[in-house]
Amino acid sequence: MNNDLLQVDGPLAGPFKTLEELASNACELMTSEPGASNGKYGFEYCALYYYSQDEDRFFLSYLSDIRSNLDARIKSCEIPRELNDPNREDAVILGGAHTHPHNGKFAPKDLNAASIWHPTRITSKGGGRVFDRTMMMFIKETTGEKPGECRAYSYNNYTRTVSALRSGEWIPIGQVYNDDGDLRMFEGKGWLP
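Residues numbered from 1 in each chain as written. Predicted model: local features only at pLDDT ≥ 70, side-chain atom pairs only at ≥ 80, totals over all residues. Heavy atoms only, no water.

Remarks on the sheet that holds strand β10 (residues 150-156)
A sheet is described by the order of its strands in space; here 9 strands give the open sequence β2-β4-β3-β6-β9-β10-β11-β12-β13, paired in mixed fashion. The outermost strands of the open sheet, each flanked by one partner alone, are β2 (13-16) and β13 (183-185). The average angle at which neighbouring strand axes cross in this sheet is 25°, direction not considered. Where helix α1 (residues 19-31) meets the sheet, its contacts fall on β2, β3 (46-52), β4 (57-60), β6 (92-99), β9 (134-140), β10, β11 (161-166) and β12 (169-176), and the angle it forms with β9 comes to roughly 45°. (Pairing = 2+ DSSP bridges. Helix = DSSP H or I, 4+ residues; strand = E, 2+ residues; numbered from the N terminus. Axes fitted to C-alpha atoms, helices over the stretch in contact; angles between N-to-C directions. Contact = heavy atoms within 4.5 Å.)

Encoded structure:
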């Protein structure tokens with residue numbers, strides 16, 4: 001930890017040309033960790049994802065399984081806030097990512113006002129690109145019609161929109177409408193494809 005903030009090294013994965021490519025690969029990588037897909041007996045892993053302006057590429061940090069809540073009934077991990085990647089001094093942290101071992105939806109605590117990472121919009125060093133800070137969540141289906149399918153979701157901290165990664169594109173599926181993290185799904189959209 002640095003300045004009382006959890007720090008992770010990077011990169012574990014990357015470079016990726018797009019955030020969609022990063023999310024697809026991160027989903028498979030993170031949900032393959034021990035216990036990440038063990039349902040109610042599993043636990044969460046957290047990471048950071050970031051952008052390098054010099055390379056115009058995206059990266060995923062190493063994972064952390066440090067818990068943010070010690071209650072065994074609550075699945076959680078603490079999202080790191082600091083990055084150590086000496087090869088990318090220009091790195092811009094775009095947000096956090098975490099797995100869900102049993103719930104294929106964001107929890108209200110993931111979407112409430114206290115979880116928003118400020119500033120919600122950031123620019124790459126030198127002002128080359130503007131990004132909205134976003135939280136990603138991944139789950140690997142263990143039952144249902146498509147066991148083994150990895151699903152990726154994002155929560156845009158600026159627009160407060162929840163999206164699902166479907167066929168390589170982020171598709172908006174809902175909007176957070178209050179500070180408690182309550183979500184209104186868009187008509188015809190849902191958590192499952």
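Once the structure has been displayed, the description carries forward.
Section: unusual backbone geometry
Note that the residue after G10, namely P11, is joined by a cis bond; omega there is -5°. Mapped onto the elements of the fold, P11 is located in the loop between β1 (7-9) and β2. In the Ramachandran plot, R160 falls in the positive-phi region, its phi being about 60° despite a non-glycine side chain. In this structure, R160 sits in the loop between β10 and β11. For R160, a relative accessible area of 14% puts it in the buried group. Within the chain, S167 stands out as a residue other than glycine whose phi angle is a positive 50°. On the secondary structure map, S167 appears in the loop between β11 and β12. (Buried < 20%, exposed > 50% of the residue type's maximum accessible area, 1.4 Å probe, protein only.)

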